[in-house]
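Each chain, written out:
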Amino acid sequence: MTERELRKKIRQAVEAARKECPLVPSITNTVTINLVANAQLACGGSAAMVYLPDEGEAISSICQAFYINMGTLFPVYAETLPRTIRALADAGKPWVLDPVGIGLGSLRTELLRQMKAMPPAIVRGNASEIIALANLWGLDTGVAKDGVRGVDATDSVDSAVMAARALARFIHGAVAVSGAVDVVTDGDVVVRSYGGSPLFTKVTGSGCSLGGVCAVYAAVTDPFAAAITAVNMYNAAGKRAEKEARGPGSFEKIFLDTMYNLSADDVASNAMDACKA
Amino acid sequence: MTERELRKKIRQAVEAARKECPLVPSITNTVTINLVANAQLACGGSAAMVYLPDEGEAISSICQAFYINMGTLFPVYAETLPRTIRALADAGKPWVLDPVGIGLGSLRTELLRQMKAMPPAIVRGNASEIIALANLWGLDTGVAKDGVRGVDATDSVDSAVMAARALARFIHGAVAVSGAVDVVTDGDVVVRSYGGSPLFTKVTGSGCSLGGVCAVYAAVTDPFAAAITAVNMYNAAGKRAEKEARGPGSFEKIFLDTMYNLSADDVASNAMDACKA
Amino acid sequence: MTERELRKKIRQAVEAARKECPLVPSITNTVTINLVANAQLACGGSAAMVYLPDEGEAISSICQAFYINMGTLFPVYAETLPRTIRALADAGKPWVLDPVGIGLGSLRTELLRQMKAMPPAIVRGNASEIIALANLWGLDTGVAKDGVRGVDATDSVDSAVMAARALARFIHGAVAVSGAVDVVTDGDVVVRSYGGSPLFTKVTGSGCSLGGVCAVYAAVTDPFAAAITAVNMYNAAGKRAEKEARGPGSFEKIFLDTMYNLSADDVASNAMDACKA
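Residues numbered from 1 in each chain as written. Chains lettered and ligands numbered in written order. Predicted model: local features only at pLDDT ≥ 70, side-chain atom pairs only at ≥ 80, totals over all residues. Heavy atoms only, no water.

Put simply, the test is: UniProt positions are given in the numbering used here, feature names are shortened, and annotations may be inferred rather than shown by experiment.
As recorded in an unreviewed UniProt entry, chain A goes by Hydroxyethylthiazole kinase and comes from Allisonella histaminiformans. Taken from UniProt, the Function (unreviewed entry) comment for chain A reads in full: "Catalyzes the phosphorylation of the hydroxyl group of 4-methyl-5-beta-hydroxyethylthiazole (THZ)." As stated in UniProt under Pathway (unreviewed entry), the record for chain A gives "Cofactor biosynthesis; thiamine diphosphate biosynthesis; 4-methyl-5-(2-phosphoethyl)-thiazole from 5-(2-hydroxyethyl)-4-methylthiazole: step 1/1."

## Things to note about the side chain of N69 of chain C
Residue and element names in this part refer to chain C. Rule in force here: Only DSSP runs of H or I covering at least 4 residues are called helices, and only runs of E covering at least 2 are called strands; the numbering of each starts at the N terminus. By the criterion applied in these results, polar contacts are pairs of N or O atoms within 3.5 Å in which, for protein atoms, one can donate a hydrogen and the other can accept it, and in which residues neighboring in sequence qualify only through two side-chain atoms. We call two residues in contact when some of their heavy atoms are within 4.5 Å.
Looking at the secondary structure, you find N69 in strand β3 (residues 66-69). Within the structure, N69 has its side chain in polar contact with the backbone nitrogen of G71 (distance 2.9 Å). Other than its neighbours up to four places away in sequence, N69 contacts I27, T28, N29, D98, V100 and C208.

## Thoughts on the pattern of salt bridges
All names here are of chain B. What counts, and what does not: The term salt bridge refers to a pairing of a side-chain nitrogen on Lys or Arg with a carboxyl oxygen on Asp or Glu at a separation within 4 Å. Burial classification: accessible surface area is computed with a 1.4 Å probe over protein chains only, and a residue below 20% of its type maximum counts as buried, one above 50% as exposed, and the rest as partly exposed.
Inspection of every chain in the model, using the stated rule, returns 35 salt bridges over all chains. The shortest N-O distance in the salt bridge between R7 and E3 comes to 2.8 Å. Of this pair, R7 and E3 both sit in helix α1 (residues 3-20), 4 residues apart, which is roughly one turn of the helix. R7 sits in the buried class, given a relative accessible area of 16%. Taking the shortest distance from any N to any O, the salt bridge between R83 and E79 comes out at 2.6 Å. Taken together, the residues R83 and E79, both in helix α4 (residues 77-91) and 4 residues apart, mark about one turn of the helix. By relative accessible area, E79 is classed as partly exposed at 41%.

## As for the sheet that holds strand β3 (residues 66-69) of chain A
The strands making up a sheet associate through hydrogen bonds between their backbones, and the pairing can be parallel or antiparallel. All names here are of chain A. This is how it is decided: For two strands to be treated as a pair, DSSP must find no fewer than two bridges joining them. Helix axes use the C-alpha atoms of the stretch in contact, all axes being lines fitted to C-alpha atoms, and the angles between their N-to-C directions lie in the range 0 to 180 degrees.
In spatial order, the strands read β2-β1-β3-β4-β5-β6-β7-β8-β9; together these 9 strands make up an open sheet with mixed pairing. Of all strands in the sheet, those bounded by a partner on one side alone are β2 (46-49) and β9 (272-276). Each neighbouring strand pair of the sheet contributes to a mean axis angle of 20 degrees, computed without reference to strand direction. Here strand β1 (residues 23-27) runs beside β3; their pairing, made up of 2 bridges, is parallel. Paired with S26 across the bridge in β3 is Y67. Helix α7 (residues 161-171) rests against β5 (122-126), β6 (174-178), β7 (182-185) and β8 (189-193) of the sheet, and its axis sits at about 155 degrees to β6. Where helix α9 (residues 223-244) meets the sheet, its contacts fall on β5, β6, β7, β8 and β9, and the angle it forms with β7 comes to roughly 165 degrees.

## Considerations on the environment of V177 of chain A
All names here are of chain A. Tracing the backbone shows V177 in strand β6. Taking the C-alpha atoms as reference points, V177 and I131, 46 residues apart in sequence, are found 9.8 Å from one another. Excluding its chain neighbours within four sequence positions, the residues that come into contact with V177 are G125, N126, A127, I130, V157, A160, A164, D182 and V183.

## Digging into the interface of chain B and chain A
In plain terms, the rule: Accessible area that two parts lose when put together, evaluated with a 1.4 Å probe and summed over both, is termed the buried area.
Counting from both sides, the interface comprises 28 residues of chain B and, opposite them, 32 residues of chain A. Buried area between chain B and chain A, both sides added, is near 2,400 Å², and the carbon and sulfur share of it is 59%. Summed over the shared surface of chain B and chain A, the number is 3 salt bridges. The interface formed by chain B and chain A holds 10 residue pairs in polar contact (both at pLDDT 80 or more) in total. Elements with a contribution of two residues or more to the side of chain B that touches chain A: α5 (106-114) and α10 (248-261) of chain B. Top contributing element to the side of chain B that touches chain A by residue count: α10 of chain B, with 5 residues.

## Overview of the packing of helix α2 (residues 33-42) of chain B against helix α8 (residues 206-218) of chain B
Residues and elements named next belong to chain B. Let me state the cut-off plainly: To sort the angles, those under 35 degrees are grouped as roughly parallel, those over 145 as roughly antiparallel, those from 65 to 115 as roughly perpendicular, and the leftovers as oblique. Crossings are sorted by hand: turned counterclockwise from the far helix by less than a right angle, the near helix makes the crossing left-handed, and turned clockwise it makes it right-handed. Under the scheme applied, nonpolar residues are Ala, Val, Leu, Ile, Met, Phe, Trp, Tyr, Cys and Pro; charged residues are Asp, Glu, Lys and Arg; polar residues are all the others, including Gly.
Direction vectors running N to C along α2 and α8 enclose 40 degrees, while the axes themselves pass 8 Å from each other. With respect to α8, the element α2 is oriented oblique. At the point where α2 passes α8, the crossing takes the right-handed sense. Residues L35, V36, A39 and Q40 of α2 touch α8, and the partners they reach there are S206, C208, S209, G212, V213 and V216. When its residues are assigned to classes, the contact of α2 with α8 shows 6 nonpolar, 4 polar and no charged.

## Topic: the relation of the copies chain B and chain A
Here the second copy of the chain follows from the first by a rotation about an axis and a shift along it. Our working rule: Each copy is superposed on the other by least squares, with the fit set by C-alpha atoms of residues at a pLDDT of at least 70 in both.
With an RMSD of 0.0 Å, the fit of chain B onto chain A corresponds to turning through 120 degrees and sliding 0.0 Å along the axis. Expressed as a symmetry operation, the mapping of one chain copy onto the other fits a three-fold axis. Among all residues of chain B, the minimum C-alpha distance to the rotation axis is found for T30 of chain B, at 3.7 Å. Different-surface contact between copies: only 11% of interface residues of chain B are shared with the interface of chain A.

## A word on α4 of chain B
Residue and element names in this part refer to chain B. Applied cut-off: Any helix carries an expected span of 1.5 Å times its number of residues minus one. An arc is given here, and it is the one of the directions from the helix axis to the C-beta atoms.
For α4, spanning 15 residues, the distance from its first C-alpha to its last is 20 Å, which sits close to the expected 21 Å at 1.5 Å a residue. Within α4, burial applies to Y77, T80, L81, T84, I85, A87 and L88. What you see down the axis of α4 is that its buried residues fit within an arc of 160 degrees, all on one side. For α4, the elements touching its buried residues are β1 (23-27), α3 (53-62), β3 (66-69), β4 (95-98) and α5. Positive backbone phi, approximately 70 degrees, marks G92, located one or two places after α4.

Here you go:
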């Protein structure tokens, strides 16, 4: 795929999400659930969040894609997540995994371990989370790490490229690693996307909502193009929002406004480069 | 009731909520719970949210009205909702039902079915939800429909008028149907309220928070006047907020500011018309 | 401690939180969980929220301080809170208690009663909550009160000073009472802090997020200085934010921006006075 083709795919994905308004439900954490929904709406998706097993199954059969975020697990997730993931697999629907908090608690570890057998189309995380997930699944990462400190990365994006490529190859999908410069890979090509803002680290749910937006685009294009589209949307909108923002409070709202208003060309022309690793 | 009397009731309700600061607890979904509370505060109410059965019972005895929203059910709701609704009935407190997600999952269907025996004073929903609830309760709606796609309406408000009137007559209360033009009915009179903004559809919880505000006004006036007051508040504030907003992020905040600042006359003079159906 | 020394401690705490970015997890209510996290980020902390027992234990061992807010209890809290509090005690980590809703429901009462044996370093609440907690623990408060109406105070801050002092002495820590004028005491010295804004009462989670910010500062200084720093931060930032705000929607965002931007000197020079009671 040439760069020109890639940028064309991004433009098409931005437009398709706005036109088709795909239903993209989530099982996601209570901290950032509102921002996830609002970010999905801002880029054209229809959001719906559930907790119960049969609701996860039922909505899997009518949705176009799904988002699973591992923050703030409840006891019922022990049943909801496996049943929902099986329903998604049976229905052939793509889903995005955000392995927030990997390494913390036995339920999270057990659920993430199980997902190896029925993997997502896209994994979105910070560098530490991507390395930890690849290690949990026994992939070759070059870095020893099996958990994270809280929800913030302690590793650089560059140190996670090997883990991201291994993960992407394993899931036959795409992996997006968030950081000062973002990396998206399908296991072969490694794309670096530029822009964004340090203020993203001061707004809770920047990463979670990026995962939710990856799922919106996964409803209208292939996993690799979906992840690249979402990451470029965040970098283009974040960079513009920062110019007007006076702090994290205004940044969050201006960012949503900007995401809603950006043209497909604005997103498709965001600074990025690609290489075969 | 003449139009003049109706507008007087709206003015009084807006003022009474601000003066009396009624306690209006909610059992509501985690996606939009923050906006529900902030919208209730902005129009003068005191908000409090609970999940546990005995908390629902205890707060029912000291509140002035209650809001129940069926989004994001937890397992404990199987016990919390029936016990809370019984406590509200025993105490003679009005409550507002928002049947979000009707048709999705067995618990939601079972709980909504049970409510027929101890119904709310007001039902607030989009057209698809209102039709589905009236059908679930075996009322005459003229439309075959027993569930919805996600949380967004796929039916027009006009197509739900017959269901709304049947529901309102059955509950001896009021039904508010949200859409581009909003309809409120007591089963006899059908009021259409104008204004608002398409940006409401890009802010998660616009509808949920309208339900919460209906409950605030239900604490200070009769159900029909309460629903009309809330709907006109949203339409008047939404129309003004849209003029300044640059997208859904800023719209939400300007809307809350506007709701807080609107005079009772601004709300009472919002464009609406009424007819006997 | 002289006033000069106190103001120096405040300055140091503001700077230390920004520099060290301490991990300060929470078990907190779903209504205001997003604002708690964003307020903690705005003043330099790293936020992480959990619900499950073993997650509370695990994160207690790697955090610098912890925040427990009693709003919106879930059934699993019956196990999560005791185990987390024991883990915090074993690890010698300071934690902040916000007894929201005290008096409502049997689980909340039972959990709060248990905490007497393993108390927090700081209690943050409104006047009614502080009086009710001190009474629940059998301390001498001068006021008969064992519960509150919803989540809003019905007592004046002054009427809670005796209860606050008794509580602070009992826990060998600090108590912050929120109101038009805020009081912070270590049981001996009583500090009054001025500023803030009436708009705080129109934004859900103003109090909850203050508790979360107390916990951030408890990670970098002693409990009394931590509570005073947080309260002065809120009063200084709230006062400035009010000048630009047009209502509660814009106030919340400007407040976060201001908290992020205030200098340590701005916080340390906020109006306050102290006396031995």
